[in-house]
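Structural characterization, general
Letter by letter, the chains look like this.
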Amino acid sequence: MTERFAAIAASHRPVATPPPPRLHVEIAQRKAKILLLPGRFRGADHVKRHVDFVLTLDAERGEQHVQRNLRALRRTLDELGVTPATAEREVRRFEGAVRAELWRRVLLRDGDQ
């Protein structure tokens with residue numbers, strides 16, 4: 001009987017498991033470049049929707065909204081890995097399109113194309 005208890009006790013002892021194999025993990029460097037088609041990151045529809053909203057605000061709040069949107073666009077382009085020169089060009093293009101649309105709507109008023 002003692003042998004049986006010894007066998008049962010031996011079967012319930014924790015078995016030392018071998019350590020897991022050491023894995024070599026390396027994070028690859030970015031090699032791909034994101035290329036933007038000129039003026040296509042934020043299209044005309046986005047500009048019009050943005051201006052529609054800005055025109056519902058007073059001048060100061062509208063300008064703050066435009067500036068926030070420009071900062072968000074720059075952050076997005078930076079996160080995508082777009083080169084700084086290309087990001088700057090795209091932000092300026094978007095700002096120019098927004099301001100041109102704002103002035104067009106303010107000066108011409110609705111419908112005076």
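Residues numbered from 1 in each chain as written. Predicted model: local features only at pLDDT ≥ 70, side-chain atom pairs only at ≥ 80, totals over all residues. Heavy atoms only, no water.

On to the overall build of the chain, then. Assigned secondary structure in the chain consists of four helices and zero strands. Considering the chain as a whole, with its 113 residues, one finds that 20% of them fall into the buried category. On the chain, roughly 9,600 Å² of surface is accessible, and the fraction owed to carbon and sulfur atoms is 58%. (Helix = DSSP H or I, 4+ residues; strand = E, 2+ residues; numbered from the N terminus. Buried < 20%, exposed > 50% of the residue type's maximum accessible area, 1.4 Å probe, protein only. Areas by Shrake-Rupley, 256 points an atom, 1.4 Å probe, with all protein chains shown as cover.)

Moving on to the nonpolar core. Ranked by internal contacts, the top residues of the largest apolar core, which has 13 residues, are Leu 77, Phe 94 and Val 98. For this core, the secondary structure elements donating two or more residues are helix 2 (44-54), helix 3 (59-80) and helix 4 (84-108). The biggest single contributor to this core is helix 4, with five residues. (Core = buried A, V, L, I, M, F, W, Y, C linked by side-chain atoms within 4.5 Å.)

So, on to the pattern of salt bridges. A side chain with one charge may pair with a side chain of the opposite charge, provided their charged atoms come close. One pass over the structure, following the stated rule, counts nine salt bridges. Arg 92 is the partner of Glu 95 in a salt bridge, and the nearest nitrogen-oxygen pair spans 2.4 Å. Residue Glu 95 and its partner Arg 92 are both found in helix 4; the two are separated by three residues, about one turn of the helix. For Glu 95, a relative accessible area of 16% translates into the label buried. Note that Arg 99 is salt-bridged to Glu 95, the shortest N-O span being 3.2 Å. (Salt bridge = Lys/Arg side-chain N within 4 Å of Asp/Glu carboxyl O.)

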